[in-house]
Amino acid sequence: MQIDTDKMAQQCIDAINDKIKNLKTLNIMVVGKSGVGKSTLINSLFRGNFAETGLGRPVTSEIRKKVKKDYPLAIYDTPGFELSSGQQNKVKDEILDIISKGFASKDINDAIHCIWYCVNVGGNRTFDESEINWLKEFTAENKVTQVPIIVVLTQAIPKKKAAEMKNHVEKENLDIVKVVPILAQDMDFDEEYIARAYGLDQLIDVMAEVLPNELQSTLQNVQKASLDSKKRAAQAVVAAAVAGSFGEGFAPIPFSDAALLIPTQVGMIAGITVIFGLDISKSFLTSFVSATIGSAGATILGKTIVSNLLKLIPGVGTVAGGLISGTTAGLLTTALGGAYIMIMEMVYKGEIDKEKLYTAEGQKEMTRLFKEELKKKK
Ligand SMILES: Nc1nc2c(ncn2[C@@H]2O[C@H](COP(=O)(O)OP(=O)(O)O)[C@@H](O)[C@H]2O)c(=O)[nH]1
Ligand SMILES: [Mg+2]
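To start, this report covers the structure provided alongside it. Just so it is clear, the model here is predicted, and its values are computed rather than measured.

Another aspect to go through is the overall build of the protein. A tally of regular secondary structure across the protein gives 14 helices and 11 strands. Counting over 378 residues, the protein shows a buried share of 51%. Here the analysis covers contacts within the protein between residues at least 6 apart in sequence; of these, 75% occur between residues at least 24 apart. Surface exposure of the protein reaches about 17,300 Å², of which carbon and sulfur atoms provide 52%.

Before going further, it helps to examine the pattern of salt bridges. Taken as a whole and assessed by the stated rule, the structure comprises 17 salt bridges. Lys349 is the salt-bridge partner of Glu351, the closest N and O atoms lying 3.7 Å from each other. Look at Glu351 and you get exposed, because its relative accessible area is 51%. Its relative accessible area of 44% is what places Lys349 among the partly exposed residues.

What the 7 strands build is an open sheet, ordered E2-E3-E4-E1-E5-E6-E7; its pairing is mixed. Of all the strands in the sheet, just strand E2 (57-58) and strand E7 (178-181) have a single pairing partner and so form its edges. Where strand E1 (residues 26-32) lies against strand E4 (residues 71-77), 5 bridges are found, and the strand directions are parallel. Bridge pairing in E4 links Asn27 to Ala74. In this fold helix H2 (residues 38-45) packs onto E1, E4, strand E5 (114-120) and strand E6 (149-154), with an angle of close to 125 degrees to the strand it touches most, E5. Those strands touched by helix H6 (residues 200-210) are E1, E5, E6 and E7, and its axis lies near 160 degrees from that of E7.

With that settled, consider the pairing of E1. Most of E1 sits inside the fold, with 7 of its 7 residues counted as buried. Taking every second residue as pointing to the same face, both faces of E1 are buried, with Leu26, Ile28, Val30 and Gly32 on one and Asn27, Met29 and Val31 on the other. Here 5 bridges tie E1 to E5, and the two strands are oriented parallel to one another. Across the sheet, Val30 pairs through a bridge with Trp116, a residue of E5.

Right, let's get into the packing of aromatic side chains. Between two aromatic rings, the relevant description is the distance of the centres plus the angle of the planes. Scanning all chains against the criterion turns up 9 aromatic pairs. Between Tyr117 and Trp134 the ring centres are 5.0 Å apart and the planes differ by 10 degrees, which places this aromatic pair in the stacked class. Placement of the pair is Tyr117 in strand E5 and Trp134 in helix H4 (residues 129-141), with a sequence separation of 17 residues. In this structure an aromatic cluster arises from ring pairing among Phe81, Tyr117, Trp134 and Phe138. Lying over the aromatic face of Tyr71, Lys68 brings its terminal NZ or CZ to 5.3 Å of the ring centre. Sitting over the ring of Tyr198, Lys159 keeps its end group 4.4 Å from the ring centre.

Inspection of the secondary structure puts Ser290 in helix H10 (residues 282-291). A distance of 3.3 Å separates the side chain of Ser290 from the backbone oxygen of Ser287, its partner in a polar contact.

Let us now look at the site of ligand 1. Close to ligand 1 lie 14 residues, the nearest being Gly35, Lys38, Ser39, Thr40 and Ala184. Thr40 is positioned such that a nitrogen or oxygen atom in its side chain is 2.5 Å from an oxygen atom of ligand 1. Take Ala184: an N or O atom from its main chain is 2.8 Å from an oxygen atom of ligand 1. Contact with the protein chains covers 67% of the free accessible surface of ligand 1, which is 570 Å². A total of 3 residues in the shell around ligand 1 trace back to one element, the largest contributor, which is H2. Each residue belonging to the shell around ligand 1 can be placed in one class, and the counts come to 4 nonpolar, 7 polar and 3 charged.

Definitions and limits used
Residues numbered from 1 in each chain as written. Chains lettered and ligands numbered in written order. Predicted model: local features only at pLDDT ≥ 70, side-chain atom pairs only at ≥ 80, totals over all residues. Heavy atoms only, no water. Helix = DSSP H or I, 4+ residues; strand = E, 2+ residues; numbered from the N terminus. Buried < 20%, exposed > 50% of the residue type's maximum accessible area, 1.4 Å probe, protein only. Contact = heavy atoms within 4.5 Å. Areas by Shrake-Rupley, 256 points an atom, 1.4 Å probe, with all protein chains shown as cover. Salt bridge = Lys/Arg side-chain N within 4 Å of Asp/Glu carboxyl O. Pairing = 2+ DSSP bridges. Axes fitted to C-alpha atoms, helices over the stretch in contact; angles between N-to-C directions. Phe/Tyr/Trp six-rings, centres within 6.5 Å; stacked < 30°, edge-to-face > 60°. Lys NZ or Arg CZ within 6 Å of the ring centre and 35° of its normal. Polar contact = N/O pair within 3.5 Å; in protein donor to acceptor, adjacent residues only side chain to side chain. Near = heavy atom within 4 Å. Nonpolar A, V, L, I, M, F, W, Y, C, P; charged D, E, K, R; others polar.

Now the structure itself:
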């Protein structure tokens, strides 16, 4: 059986581009004094050195908006927040104004989705009561708009000190989502002791909890701090694809077509790719398709499915008659998704070179992964 892997890869590429084009823009308001570590935090959380995109465009007298071409993230920055309490009041009013305007626009791309209030832990610093007061006033005014506020404790070393500050803020019972201590980058003390970065993954988890569904793909696409979070989101995409195919009452398809990617599977591969935020070429996808479900996979399908899977599935008679059931398609989808996630993870970690997948050895490895996934799902 000849399979048009090229065409299948093209379908995937089209679906990926389509999904990327339709990603909603995630808008984060980042508040905090100069030097607390806002830019460092942003660059450690998001791919592509986002904070280095210049000063940004002024949207009010005190607030600037940073964007990057073809990148679904906007950071609202508040330079000069430290200058005076008058300044801080002004910033507060301007933030509330931007929030209301975003609401009024009824466009998710213009809404503020989340606020990070950044406070530096520092060595001997105690929590500045004026900062707590700002938060009290702000959260009171945010009662109606309910934009999630996360208090980020930056440069949170020593950890004991960070824990004290966290307690201090939590005791106020403010209407905030969470206090998250973070060390965005390793910190070197006289080359004798290195404090390791921590907390970035927790911030991603908190964000994933508070953001609406429409922004989950965007969050995963831009974040680079939590591979676990990406994997969980990717697994959810697979589960949805599988459930989708069952839900549709998946019509039996002729066995000879089993090696064709069905639209749900194309959508799934695109969804996973977007979550990993990797640049994937058509030849990469052609390799993947042919090593798994494509021509090389056709043999696997023939052997593995018929011998291992189908005999376990009720209605096997239909299969013998040359049809593959919705259940089988579901199993295929699960295995395909599982294998693709593993490959994305390896590329993401830099464990394999994308180029290597085109080689005979790379193809073999992908086929092996896919086979293993198929066996798992018996
Ligand atoms: N090692 C380390 N240095 C940090 C961290 N956060 C901030 N810094 C340093 O603190 C300084 C101010 O940080 P920056 O991100 O520019 O603060 P911003 O003014 O709030 O954007 C810079 O020299 C950073 O390198 C961190 O998590 N780890
Ligand atoms: Mg900065």
